[in-house]
Amino acid sequence: MTRHTPHFIQTHRSDSHDEREDVVAGLSRMPAQASPKHFYDRLGSHLFDAITELPEYYPTRTEAAIFTAHGQAMADEIGHGSTFIDLGAGNCAKAARLLPLLMPSRYVAVDISADYLRDALRKLQGEHPALDILGLGLDFSRSPALPEGVLSAADRPVFFYPGSSIGNFTPAEASSFLHGIRAQASGGGLLIGVDLVKPREVLEAAYDDALGVTAAFNLNLLRNLNRAAGTDFDPRQWRHLAFFNQRESRIEMHLEAREALSVSWSTGSRRFERGEKLHTENSYKYTVPSFTHALERAGFRSVKHWASADGWFALFWARA
Ligand code: AVI
């Protein structure tokens, strides 16, 4: 048996000047906006992990239950010997559960957080010594294009995008993301987790839990903006807000000013009136027909899905 060691390519280096400009541009808008990518420093990643353990946050455990019930059926559809490309792999836990069923010939794990990924891949390689593993430290949120040379004609690419992360894109961004994946997945396909529309009370509780973990996750973004852009936000002056916008079919998260205040940075400042909001995240909820349609519009075919018994979450498999 050939014993492999994980290879690693790091392409993402954030440019701190561009980052500052982006933050300031968002703060200067009416209403103010910040990119949800600023949730995820080390503390933010831990807070997100804690969210996934909350009784109110159903997506993670519902998706896991679908894998348990239907993992074998998914593997039967997908087939063995693929190149399995895990987008936003994180600690690689979701893929690790599927590897014994899918038996891919290569595993390509992609994540913006390169150090976290490197550690996870070392551990995974220990458990799968014969698997050819490649780690890619890159930010694929703007474009899902893999660096040239990662895929060859010998690969049958199967992209994996679980956790309903697609919900954090606008419909236009989701559409270009799906087109981008389809263009690279010839002969393979996409396995993707999608959160579905459900009663408002269930949705709103999932994003405004009783312990206030999601509130802390949202407020932590202010500390990250201070670090990234030199702003002087005081989280104590802000309140977490989450509600379902039915017309747009999305949960919106905002931070609302508890009092009139002003935020400064090296080249300017912005005043917020009491009750004025900073929009921090959208989490779109689909229906089975609306997401099937989105996949088909992006050029995928033979779309299949496995939904949870309560109809709250679904995994879709679409051939490219
Ligand atoms: C990462 N993403 C799919 C989560 C979601 O449900 O939209 C982020 C999140 N925001 C608040 N809670 C969880």
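Residues numbered from 1 in each chain as written. Predicted model: local features only at pLDDT ≥ 70, side-chain atom pairs only at ≥ 80, totals over all residues. Heavy atoms only, no water.

The chain goes by L-histidine N(Alpha)-methyltransferase in an unreviewed UniProt entry, where it is assigned to Piscinibacter terrae.

*Asks:* With reference to specific residues and values, describe the overall build of the chain.
*Replies:* What the chain contains, in helices and strands, is nine helices and 14 strands. On C-alpha atoms alone, the chain measures out to a radius of gyration of 20 Å, which is about the 20 Å that the 2.2 N^0.38 rule sets for 320 residues. Each of the three principal axes of the chain carries a C-alpha extent, and together these read 65 × 40 × 35 Å. Counting only residues that meet the buried cut, the chain has 48% of its 320 residues in that class. (Helix = DSSP H or I, 4+ residues; strand = E, 2+ residues; numbered from the N terminus. Rg over C-alpha atoms; globule rule 2.2 N^0.38 Å. Buried < 20%, exposed > 50% of the residue type's maximum accessible area, 1.4 Å probe, protein only.)

*Asks:* Please set out the site of the ligand residue by residue, giving values where relevant.
*Replies:* Neighbouring the ligand are 13 residues, the closest being Tyr57, Asn168, Tyr207, Glu281 and Ser283. Interatomic distance of 2.5 Å between a side-chain N/O atom of Tyr57 and an oxygen atom of the ligand. A distance of 2.7 Å is found between an oxygen atom of the ligand and a side-chain nitrogen or oxygen belonging to Ser283. Protein contacts shield 95% of the accessible area of the ligand, which totals 340 Å² for the unbound molecule. Broken down by secondary-structure element, the contributors of at least two residues to the shell around the ligand are α2 (42–51) and β12 (277–284). Looking at the shell around the ligand residue by residue, the classes come out as seven nonpolar, five polar and one charged. (Near = heavy atom within 4 Å. Polar contact = N/O pair within 3.5 Å; in protein donor to acceptor, adjacent residues only side chain to side chain. Areas by Shrake-Rupley, 256 points an atom, 1.4 Å probe, with all protein chains shown as cover. Nonpolar A, V, L, I, M, F, W, Y, C, P; charged D, E, K, R; others polar.)

*Asks:* Please set out the confidence of the model for the chain residue by residue, giving values where relevant.
*Replies:* Residues of the chain with pLDDT of at least 70 account for 98%, and the chain-wide mean is 95. Our summary of model confidence lists the complex with pTM equal to 0.94 and ipTM equal to 0.99. (pLDDT = per-residue confidence, 0-100.)

*Asks:* Could you give me a rundown of the layout of surface pockets, with the residues and numbers involved?
*Replies:* One number sums up the size of the second largest pocket: a volume of about 200 Å³. The wall of the second largest pocket is formed by 14 residues, among which Pro171, Tyr284, Lys285, Tyr286 and Ser290 lie closest to the centre. Of all the secondary structure elements, the ones that give two or more residues to the lining of the second largest pocket are α6 (171–184) and α9 (288–297). The leading source of residues in the lining of the second largest pocket is α6, at four residues. (1 Å grid on protein atoms, 1.4 Å probe; cavity = no way out; pocket = protein on both sides within 12 Å on 5 of 7 lines; lining within 4 Å. Points joined across faces, edges and corners; volume = space filled by probe spheres on them.)

*Asks:* A description of the packing of helix α3 (residues 58–78) against helix α4 (residues 93–102) should follow, citing residues and the corresponding values.
*Replies:* At a closest axis distance of 9 Å, the pairing of α3 and α4 adopts a crossing angle of 35°. Handedness of the crossing formed by α3 with α4: right-handed. From α3, Glu63, Ala64, Phe67, Thr68, Gly71, Gln72, Ala75 and Ile78 reach across to α4, where they touch Lys94, Arg97, Leu98, Leu101 and Leu102. Residues of the contact of α3 with α4, tallied by class, amount to seven nonpolar, three polar and three charged. (Axes fitted to C-alpha atoms, helices over the stretch in contact; angles between N-to-C directions. Left-handed = near helix turned anticlockwise from the far one by under 90°. Contact = heavy atoms within 4.5 Å.)

*Asks:* Any details on the nonpolar core? Residues and values, ideally.
*Replies:* Counting residues in hydrophobic clusters, the biggest one holds 34 residues, and the most contacted among them are Ile166, Leu178 and Phe291. Membership of the second largest hydrophobic core comes to 33 residues, among which are Leu27, Tyr58, Met253 and Phe272. (Core = buried A, V, L, I, M, F, W, Y, C linked by side-chain atoms within 4.5 Å.)

*Asks:* Outline the sheet that holds β12, listing residues and values.
*Replies:* Ordered in space as β2-β12-β9-β8, the four strands form an open sheet in which the pairing is mixed. Strand pairing shows two members of the sheet lacking a second neighbour, β2 (32–33) and β8 (238–245), which therefore form its edges. Lying on the sheet, helix α8 (residues 213–229) is in contact with β8, β9 (250–257) and β12; it crosses β9 at an angle near 60°. (Pairing = 2+ DSSP bridges.)

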